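# Report on the structure
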Amino acid sequence: MSENSPGAPILRARGLRKDYGSGSVLVRAVDEIDLEVAQGEALAIMGPSGCGKSTLLHLLGGLDRPSAGEIWLEGRRIDRLSERGLAHFRRHDVGFVFQAFHLMDELTARENVELPALLGGHSPREARRRARQLLDQVGLSDRAEHLPSALSGGQRQRVAIARALANDPRIVLADEPTGNLDSAATLDVLRLFEGLHTAGLTLVVVTHDERIAATANRMIAMRDGAFVDEMRLTGRKTSNLGDLAGLGG
Amino acid sequence: MQQEAVLAMLAKEPSSGSVLRARLNDALGPLGDAVNDGQIYVTLSRLERAGFIARRETGPMEAGRKVYELTAAGQERVAEWLSEVSWPKPDLAEFHLKLVAAAEAGLADPIGIVDAQRRELLRRLWDVERAAMVEPDGSRAGLLLEGVVLRLQADLRWLEACERAWTDRRKKR
């Protein structure tokens, strides 16, 4: 792996907080988080369910508004955008990948991937061209006209990843992307993310699946709404693989 | 590696040391580096002394080439080995006692120990997963790497349980 040197921050958050409820039932899901994501970085935020990682991702992607704090994408402040501004931001600047895929069941794989481009104002022809290209990139050209129900979980997630890329987002945010996948399909998604990362895409994944870390430069551990540990991952292999499989000496 | 594994790799057909090496490399992929040639030849001579394999010179076309083949005793040993259900035992008690001892004697924070261990396992997982990602589909070595990944994941899940339990204990104090 190339040891991607971190570029300038593309995404920044300062003092980010999200509270639910109030008074004695106040739950602080995200608790004063500071975060910088460098251009081209692949970041994994890991923690058990309920630690606030999904809430954090929703704040970063403009799916929800913080109770306090600031979010900046490429020098533009996101958390104060109007609803319309926020919708535009979600459509053009961010690509989302979810655990449950969130594909439209009545649309084919190709139509699902075309949809964001159409909503983003591209011509049907342009949207179709882009969808074809993306489905090819995720290895599903031959499944383009299938409905999601005719695809395996791993294939559905690859369609969802293609859809996330349809508008050439500045950053892709993924929430537990391998949560519903078996071991082999997980590996496919990891390879895909690795390819996107190598091509320069900025990626933030929140997950409890440690395997995702294999495609990351940096891993942050999250507990009770806060970051508790951080680990940089280099391209250097440190373990003896044979030893791990019982081939030692 | 068990000497029976080397023995069984010869069961397909009489093979030279280098053919055996190639067969192991195919099965082990990037993990094959862990088995050096010296080890293979030491194992072969041990198997020969035990009467499980015999050396045979091949015809003049391949002058100087030696192949190893299973003897009847070797065949029997392989059949036995295939039916054995031995399995590596994970040594979890040592780590468990480390946490208990550290907490009881007040020597260290069990959570800190769990964190350090998690980092180490994540590093290993990272290495194995990176190797798995570049294996072609359907590779035999890929299947072995998947096994290593799944075991590391199981260990990480246990560390999560350790962290939860020791965090609760700390709160109760």
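Predicted model, so just to flag it, every value in this text is computed and none were measured.

### What to know about the overall build of chain A
Looking only at helices and strands, chain A has seven helices and ten strands in total. What you see for chain A is a C-alpha radius of gyration of 19 Å, in line with the 18 Å of a compact globule of 249 residues. In terms of its C-alpha atoms, chain A occupies a principal-axis envelope of roughly 65 × 50 × 35 Å.

### A closer look at helix α5 (residues 92–104) of chain B
Residue and element names in this part refer to chain B. Along its 13 residues, α5 runs 19 Å from first to last C-alpha, staying within 8% of the 18 Å computed at 1.5 Å per residue. Little of α5 sits inside the fold, with one of its 13 residues counted as buried. Downstream of α5 by a residue or two, Gly106 has a phi angle that is positive, lying close to 65°.

### Remarks on the nonpolar core
Membership of the largest hydrophobic core comes to 85 residues, with the highest contact counts inside it found for Val204(A), Ala213(A) and Val128(B). With seven residues, helix α6 (residues 110–133) of chain B is the largest single contributor of residues to this core. Contact partners of Val204(A), with chain neighbours within four places excluded, come to Val37(A), Leu43(A), Ile45(A), Leu57(A), Leu60(A), Ile171(A) and Leu173(A). Core analysis: the second largest hydrophobic core is formed by ten residues, Leu7(B), Leu20(B), Leu47(B) and Leu70(B) among them.

### A look at the sheet that holds strand β8 (residues 203–207) of chain A
Residue and element names in this part refer to chain A. With respect to topology, six strands assemble into an open sheet ordered β6-β7-β8-β3-β9-β10, the strand pairing being mixed. Where the open sheet ends on each side, the last strands, each with one partner, are β6 (94–98) and β10 (226–232). The sheet shows a mean angle of 15° between the axes of neighbouring strands, direction not considered. Strand direction decides the pairing type here: strand β3 (residues 42–46) and β8, joined by five bridges, are parallel. What sits directly across from Ala44, in β8, is Val205. With respect to the sheet, helix α1 (residues 53–60) is in contact with β3, β7 (171–175), β8 and β9 (218–223), its orientation differing from that of β8 by roughly 155°.

### Structural notes on the interface of chain A and chain B
Counting residues at the interface gives 27 residues for chain A, matched by 29 residues for chain B. Elements represented by at least two residues in the side of chain A that touches chain B include exactly α6 (183–198), β10 and α7 (241–244) of chain A. Take the side of chain A that touches chain B: its biggest share by element is five residues, from α6(A).

### Remarks on the sheet that holds strand β1 (residues 9–20) of chain A
All names here are of chain A. Spatial ordering of the open sheet is given by β2-β1-β4-β5, a layout of four strands whose pairing is antiparallel. Single-partner strands in this sheet number two, and they are β2 (27–38) and β5 (76–77). When β1 meets β2, the two strands line up antiparallel, connected through eight bridges. What sits directly across from Arg12, in β2, is Glu36.

### Description of the environment of Ala44(A)
Residue and element names in this part refer to chain A. Checked against the element boundaries, Ala44 lands in strand β3. When the 28 C-beta atoms within 10 Å are taken as the criterion, Ala44 is described as buried. Spatially, the C-alpha atoms of Ala44 and Ile212 are 7.1 Å apart, while their sequence positions differ by 168 residues. Beyond its immediate sequence surroundings of up to four residues, Ala44 is in contact with Val205, Thr207, Ile212, Ala213, Ala216 and Met219.

### Overview of the domain arrangement of chain B
Residues and elements named next belong to chain B. Each assigned domain of chain B is listed with its residue range as follows: domain 1 (3–83) and domain 2 (92–172). Inter-centroid distance (C-alpha atoms) of domain 1 to domain 2 is 36 Å. Counting residues at the interface gives six residues for domain 1, matched by six residues for domain 2. For the side of domain 1 that touches domain 2, the per-class residue count stands at four nonpolar, one polar and one charged.

### Some points on unusual backbone geometry
Even without being a glycine, Phe101(A) presents a positive backbone phi close to 70°. A positive phi angle, near 55°, is found at Glu176(A), a position not held by glycine.

Rules and cut-offs
Residues numbered from 1 in each chain as written. Chains lettered and ligands numbered in written order. Predicted model: local features only at pLDDT ≥ 70, side-chain atom pairs only at ≥ 80, totals over all residues. Helix = DSSP H or I, 4+ residues; strand = E, 2+ residues; numbered from the N terminus. Rg over C-alpha atoms; globule rule 2.2 N^0.38 Å. Expected span 1.5 Å × (residues − 1). Buried ≥ 20, exposed ≤ 12 C-beta atoms within 10 Å, placed from the backbone. Core = buried A, V, L, I, M, F, W, Y, C linked by C-beta atoms within 7 Å. Contact = placed C-beta atoms within 7 Å. Pairing = 2+ DSSP bridges. Axes fitted to C-alpha atoms, helices over the stretch in contact; angles between N-to-C directions. Domains from an automatic or database assignment. Nonpolar A, V, L, I, M, F, W, Y, C, P; charged D, E, K, R; others polar.

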